Amino acid sequence: MARSFVAEARRRVGPKKARVGPVIERLRVEYAGAGIALSFRSDIELLVSVMLSAQTTDVNVNRVTATLFQKYRRPEDYVAVPPEELERDIYATGFFRQKAKAIRGTMRMLIEEYDGQVPRRLEELVRLPGVARKTANVVASELGEPQGIVVDTHVRRLSQRLGFTRQEDPVKIERDLQRLVPRADWGIFPHLLIWHGRRVCIARAPRCEDCVLIDLCPSSRV
Ligand code: SF4
């Protein structure tokens, strides 16, 4: 019964290949300002901010980096202080020991192998200590060279609800999305879903009655 309901819903909205374009266009109109919420002024600050944002909010990260980036400007600054000092300076972002270790290791590698610059290729970014695929994807995308699609909790939930994937694993979801979303939109696509996921397609109670995607969504409750 449930299965036929899902099949019926999918039939009603049509194939995902035909829907993805209009979904992106409508969300673009809705969230013209969609983008990263972290504050940074350089590639290094971007990388550090994204590393600090694991398991905490962007608002919290921005609060910490407002003073952190006054003190630490170059990769050398992060390795010049004792580990405990950096831990104290990023304490409020949580998991501060792990994060400090990852940041110091990353800065060391940037100095030794990349002339103190943030590399742009995904395969180089994921080599940096403590930089997982999601972090690398966010950084590459913000540097203007998206090479994948960021899959966070919102992107996962909305992609599933919109019928763009049936997968649970972020890597498999990303693969499905890469096949579906035009390459030129790989950077903006996650921002649009994240903004929509925070405002309308909320995890526990999606506000379908206020959703601009209602006729394009097989999970619509209206
Ligand atoms: S119609 Fe409902 S479930 Fe579908 S995207 Fe909109 S809010 Fe989410």
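Data block above holds the structure.
Residues numbered from 1 in each chain as written. Predicted model: local features only at pLDDT ≥ 70, side-chain atom pairs only at ≥ 80, totals over all residues. Heavy atoms only, no water.

### A look at the overall build of the protein
Definition in use: Strands here are runs of E lasting at least two residues and helices are runs of H or I lasting at least four, both read from the DSSP assignment and numbered beginning at the N terminus. Using a 1.4 Å probe, the Shrake-Rupley method yields the accessible areas, and only the shown protein chains count as cover for residues. Positive: Lys, Arg. Negative: Asp, Glu. His and the chain ends are not part of the count. Working definition for charges: the position is that of NZ of Lys, CZ of Arg, CG of Asp or CD of Glu.
A count of helical and extended segments in the protein gives twelve helices and zero strands. Dimensions along the principal axes, computed over C-alpha positions, put the protein at roughly 60 × 30 × 30 Å. Looking at the protein as shown, the accessible area adds up to about 11,800 Å², and 52% of this sits on carbon and sulfur atoms. Once the 38 positive and 28 negative side-chain charges of the protein are each reduced to a mean point, those two points are 7 Å apart.

### Observations regarding the site of the ligand
Stated formally: Definition of nearness: a residue and a molecule or strand are near each other if at least one heavy atom of the residue lies within 4 Å of the molecule or strand. Here the term charged refers only to Asp, Glu, Lys and Arg, the term nonpolar to Ala, Val, Leu, Ile, Met, Phe, Trp, Tyr, Cys and Pro, and the term polar to all other amino acids, Gly among them.
Taken together, R161, C201, P206, C208, C211, C217, S219 and S220 are the residues near the ligand. The residue makeup of the shell around the ligand, split by class, is five nonpolar, two polar and one charged.

### Describing the pattern of salt bridges
Short version of the rule: What makes a salt bridge here is a side-chain nitrogen of Lys or Arg within 4 Å of a carboxyl oxygen of Asp or Glu, nothing more. When accessible area is computed with a 1.4 Å probe and restricted to protein chains, residues below 20% of their type maximum are described as buried, those above 50% as exposed, and intermediate ones as partly exposed.
Per the counting criterion, the structure on display carries 17 salt bridges. The shortest N-O distance in the salt bridge between R74 and E76 comes to 3.9 Å. For the salt bridge of R127 with E113, the shortest nitrogen-to-oxygen distance reads 3.1 Å. Here E113 lies in helix 7 (residues 96-113) and R127 lies in the loop between helix 8 (122-125) and helix 9 (133-142), a separation of 14 residues in the sequence. Owing to a relative accessible area of 43%, E113 belongs among the partly exposed residues under this scheme. Here the salt bridges do not stand alone but share partners, grouping E25, R28 and D185 into one network.

### Concerning the layout of surface pockets
It is the rolling of a water-molecule-sized probe over the atoms that shows where space remains empty. Rule in force here: Each cavity reported here is a set of points on a 1 Å grid over the protein atoms alone in which a 1.4 Å probe fits but cannot get out, each pocket an open set with protein on both sides within 12 Å along at least five of seven lines, and each lining residue one with an atom within 4 Å of a point. Grid points are joined across faces, edges and corners, and a volume is the space filled by probe spheres set on the points.
Its boundaries defined by the atoms lining it, the largest pocket holds a volume of some 950 Å³. What lines the largest pocket is a set of 37 residues, and nearest its centre among them are V50, S53, A54, D58 and K134. Secondary-structure elements contributing two or more residues to the lining of the largest pocket are helix 3 (43-52), helix 7, helix 9, helix 10 (153-161) and helix 12 (188-199). The element best represented in the lining of the largest pocket is helix 12, accounting for six residues. Of the pockets and cavities examined, the second largest pocket occupies roughly 210 Å³. Lining the second largest pocket we find R133, K134, N137, I149, V150, V151, D152, T153, R156, P170, V171 and E174. When residues of the lining of the second largest pocket are traced back to their parent elements, those giving at least two are helix 9, helix 10 and helix 11 (170-180).

### Quick word on the packing of aromatic side chains
What counts is decided by this rule: Only Phe, Tyr and Trp rings are paired, with Trp represented by its six-membered ring, and only when their centres lie within 6.5 Å; those with planes under 30 degrees apart are stacked, over 60 edge-to-face, the remainder tilted.
Overall, the coordinates contain three aromatic pairs when judged by the stated rule. A centroid spacing of 4.8 Å and a plane angle of 25° characterise the contact between Y72 and Y78, whose relative ring orientation is stacked. The class of Y78 is buried, set by a relative accessible area of 0%. For the pair Y91 and F96, a centre-to-centre distance of 4.8 Å together with 55° between the ring planes defines the contact as tilted. When its relative accessible area of 51% is taken as the criterion, Y91 is described as exposed.

### Side note on helix 2 (residues 16-30)
For the record, the criterion: Multiply 1.5 Å by the residue count of a helix minus one, and that product is the helix's expected span. Throughout, the arc means that of the directions going from the helix axis to the C-beta atoms.
If you check helix 2, its first and last C-alpha atoms are 20 Å apart, about what 15 residues at 1.5 Å a residue would give, namely 21 Å. Taken together, the buried positions of helix 2 are occupied by R19, V20, V23, I24 and L27. An end-on view of helix 2 places all buried positions within 135° of arc, on one side of the element. When the buried face of helix 2 is taken as reference, the exposed residues oriented beyond 90 degrees from it are A18 and V29.

Read these as layout, nothing more, since geometry by itself doesn't imply function.
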